[in-house]
Amino acid sequence: MQRFTQFLYRHSVICLASFISLCVSVAIAGSLVFGHHLLEVQSLQSAKAYSQIVKTAWTVYHDDVAQRLRSIDGITITSQYKNIVGGIPTPLAYINQLSQRLQSSPDSPQIVVRANVSSLTNQDAVADPFQKKAQDYLLRHNDAFYQVGTTEEYQAFSYAEPVLMIDKCKDCNLLPLETSSAVSTKDVEESMGFVTVHQPLTTMIESVERDTRIIGAASALLGCIGLMGGILINQQHKASQRILRDELEQKTIALERLDLTDSLTQVANKRQFLKALNQEWRRVWRQNGHLSLMICDIDYFKLYNESYGTQAGDQSLKQIAQAIQTQLKRAGDLVARFQDDEFYVLLPETNAAEAEEVAAMLLDAIHRLKIIHEQSDVSPYVSISIGIASTIPARDHHPDELIEQAEQALYNEAKQSGRNDFAVQAF
């Protein structure tokens, strides 16, 4: 699960694009399916309505026209009424004629009424396969039959509904009968007719597909907007992450510096000095080189603080630390505030004579600061005393010995000889 989450995070744009593409595809497919289903439902309702209109018109024509005119001399009810003077159509002929008149355009429904299934010839079955299927189905079921099919010219919704007909005037006046509980099976086969409604769907399907394309285009546009928004958010998130990461690194470095830097003088602290001493000791030992250490103690610093205050004392410590730092030229040289008024200077690859030269420069640099110190017995200005220890690290030696030798040189020689001076211990 964690790997999957990491994959999504690393490839968020690709995953978002794939998800949006999937959603757009589902939306298009769903819209198309829904459109066709809605079209089928509407076509079914329309076909039922057409069929009901036909049967109602059939009944009204039979009851109010044919039945009333059948007894009038000179009027003949026949399907061949156009060739007979005084002829009027039978209900079936009237309905078929009405259906033909309703077909005002190729997109209009085509309504066909057959008097009985026996009138469906083989030639008709070849011409309209749906009527053959409808006949076979309606002989076994007493409900409607419909299908969506494709002809050579167009797609159409075809609907067939059974009607039972009764002969009221010797083959001239057939009336649809809704209930057939009193009619035998044989009579049903002979008297069953059906209404078929063919509704061309090409125009409506084109409309559905056009609307679906519009929906697809709108979904794709929204998806692109969402993707662009996701990309912008992702870029903003990554930029924010970079900023946070940089800030974290800077704060980490600052914390590390605080952990290894004296907060007052901004030079190395005791911890950093001891770490550097051990590292340089091992390195110089492997190279059989020299390593020197200087301990710089401010002369009469306690009296300076008592006379001028701790704030002035802190300021003088900052100046002295920077003066010492300025005199160190080599990359490995390190100055650290080890005690309140003591600075340790580590000098890798430096022998005793070279360390003495550095000590002399430090004494001169501190003197040039000209920090007034009237309570000093050795100078009118702040001065330092330096103890130097220099050695070639060996297996039987330890870094602490270097510190001990430097302390002895400072306290037993430099301070004893009058301060503002340096002394050297080499071993």
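Residues numbered from 1 in each chain as written. Predicted model: local features only at pLDDT ≥ 70, side-chain atom pairs only at ≥ 80, totals over all residues. Heavy atoms only, no water.

### Concerning the overall build of the protein
For step 1, the next point in the chain: Secondary structure summary: the protein contains 12 helices and 12 strands in total.
For step 2, the next point in the chain: Carbon and sulfur atoms make up 54% of the accessible area of the protein, which totals about 24800 Å². (Helix = DSSP H or I, 4+ residues; strand = E, 2+ residues; numbered from the N terminus. Areas by Shrake-Rupley, 256 points an atom, 1.4 Å probe, with all protein chains shown as cover.)

### Looking at helix α3 (residues 91–102)
For step 1, the next point in the chain: Counted at 1.5 Å a residue, the expected span for α3 with its 12 residues is 16 Å, and the 16 Å between its end C-alpha atoms agrees.
For step 2, the next point in the chain: Those residues of α3 that sit buried are P91, L92, A93, I95, Q97 and S99. (Expected span 1.5 Å × (residues − 1). Buried < 20%, exposed > 50% of the residue type's maximum accessible area, 1.4 Å probe, protein only.)

### Some words on the packing of aromatic side chains
For step 1, the next point in the chain: The final tally for this structure, using the stated rule, is eight aromatic pairs.
For step 2, the next point in the chain: Arranged with centres 5.7 Å apart and planes meeting at 85°, the rings of F273 and F338 form a pair that is edge-to-face. Taken together, the positions of F273 in helix α8 (residues 270–287) and F338 in the loop between β9 (334–337) and β10 (342–348) put the pair 65 residues apart, joining distant regions of the chain.
For step 3, the next point in the chain: For F273, a relative accessible area of 0% puts it in the buried group.
For step 4, the next point in the chain: F338 sits in the buried class, given a relative accessible area of 12%.
For step 5, the next point in the chain: One cation-aromatic arrangement involves R419 over Y300; the distance from NZ or CZ to the ring centre is 4.5 Å. (Phe/Tyr/Trp six-rings, centres within 6.5 Å; stacked < 30°, edge-to-face > 60°. Lys NZ or Arg CZ within 6 Å of the ring centre and 35° of its normal.)

### Some words on the pattern of salt bridges
For step 1, the next point in the chain: Enumeration according to the criterion identifies seven salt bridges in this entry.
For step 2, the next point in the chain: Among the ionic pairs, E349 bridges to R283, the shortest N-O distance being 3.6 Å. Within this pair, whereas E349 is found in the loop between β10 and α11 (352–369), its partner R283 is found in helix α8, the two being separated by 66 residues in sequence.
For step 3, the next point in the chain: Residue classification places E349 among the partly exposed positions, given a relative accessible area of 33%.
For step 4, the next point in the chain: What emerges from the salt-bridge pattern is a single network uniting E280, R283 and E349. (Salt bridge = Lys/Arg side-chain N within 4 Å of Asp/Glu carboxyl O.)

### Quick word on a nonpolar patch on the surface
For step 1, the next point in the chain: The grouping of L221, L222 and I225 at the surface amounts to a nonpolar patch, some 330 Å² of accessible area in total.
For step 2, the next point in the chain: Mapped onto the elements, I225 comes out in helix α7 (residues 202–260). (Patch = residues over 30% accessible without salt bridge, like charges linked within 9 Å, V, L, I, M, F, W, Y side chains within 5 Å.)

### Overview of the packing of α8 against helix α12 (residues 399–414)
For step 1, the next point in the chain: The interhelical angle for the contact between α8 and α12, taken along N-to-C directions, is 115°, at an axis separation of 9 Å. Residues F273, L274, L277, N278 and W281 of α8 form the contact with α12, whose own contacting residues are P399, L402 and I403.
For step 2, the next point in the chain: When the residues that make up the contact of α8 with α12 are grouped by side-chain class, the tally is seven nonpolar, one polar and no charged. (Axes fitted to C-alpha atoms, helices over the stretch in contact; angles between N-to-C directions. Contact = heavy atoms within 4.5 Å. Nonpolar A, V, L, I, M, F, W, Y, C, P; charged D, E, K, R; others polar.)

### So, α11
For step 1, the next point in the chain: For α11, which comprises 18 residues, the first-to-last C-alpha distance of 26 Å matches the rise-based estimate of 26 Å (1.5 Å per residue) to within 8%.
For step 2, the next point in the chain: What α11 keeps buried is the set A352, A355, V358, A359, L362, L363, A365 and I366. All buried residues of α11 lie within an arc of 165° about the axis, which places them on one face of the element. Of the exposed residues in α11, the ones pointing more than 90 degrees away from its buried face are E357 and R368.
For step 3, the next point in the chain: In this structure, the buried side of α11 is in contact with β8 (291–298), α10 (310–327), β10, β11 (384–391) and β12 (422–426). (Arc of directions from axis to C-beta.)

### A few points about the nonpolar core
For step 1, the next point in the chain: If you look at the biggest cluster of nonpolar residues, it comprises 27 residues, and the most contacted ones within it are M294, I324, F343 and I386.
For step 2, the next point in the chain: Within the residue set of this core, elements represented by two or more residues are β8, α9 (301–308), α10, β10, α11 and β11.
For step 3, the next point in the chain: Take this core: its biggest share by element is six residues, from α11.
For step 4, the next point in the chain: Sequence-distant contacts of I386, defined by excluding residues within four places in its chain, comprise M294, I295, C296, A359, L362, L363, L410, A414, D421, F422 and A423.
For step 5, the next point in the chain: In terms of nonpolar packing, the next biggest core, distinct from the first, is built from 22 residues, L277, L334, Y344 and L402 among them. (Core = buried A, V, L, I, M, F, W, Y, C linked by side-chain atoms within 4.5 Å.)

### Quick notes on the side chain of D299
For step 1, the next point in the chain: Among the structural elements, D299 can be located in the loop between β8 and α9.
For step 2, the next point in the chain: Buried within the structure, D299 lacks any salt-bridge partner; its nearest side chain of opposite charge belongs to K415, at an N-O separation of 4.1 Å.
For step 3, the next point in the chain: A distance of 3.2 Å separates a polar side-chain atom of D299 from the backbone nitrogen of N420.
For step 4, the next point in the chain: Leave out the neighbours within four places in its chain, and D299 touches H373, V378, S383, I384, S385, K415, R419 and N420. (Lys, Arg positive; Asp, Glu negative; His and termini not counted. Polar contact = N/O pair within 3.5 Å; in protein donor to acceptor, adjacent residues only side chain to side chain.)

### Considerations on the sheet that holds β11
For step 1, the next point in the chain: Spatially, β9-β10-β8-β11-β12 is the arrangement adopted by the five strands of the open sheet, whose pairing is mixed. Here the strands that pair on one side only, and so sit at the sheet edges, are β9 and β12. Each strand of the sheet is rotated relative to its neighbour by a mean of 15°, with strand direction disregarded.
For step 2, the next point in the chain: Where β8 lies against β10, seven bridges are found, and the strand directions are antiparallel. Its bridge partner lying in β10, C296 is registered against F343.
For step 3, the next point in the chain: Taken strand by strand, α8 contacts β8, β9, β10 and β11, and its axis lies near 20° from that of β10. (Pairing = 2+ DSSP bridges.)

### A short note on the pairing of β11
For step 1, the next point in the chain: β11 sits mainly inside the fold: eight of its eight residues count as buried.
For step 2, the next point in the chain: The alternating pattern of β11 places I384, I386, I388 and S390 and S385, G387, A389 and T391 on opposite faces, both of which are buried.
For step 3, the next point in the chain: Where β8 and β11 come together, eight bridges link them in antiparallel fashion. Residue C296 lies in a different strand from β11, and its bridge partner there is I386.

### Overview of the environment of G35
For step 1, the next point in the chain: Structurally, the position occupied by G35 is in helix α2 (residues 12–69).
For step 2, the next point in the chain: As for G35 and E209, which are separated by 174 residues in sequence, their C-alpha atoms are 8.1 Å apart.

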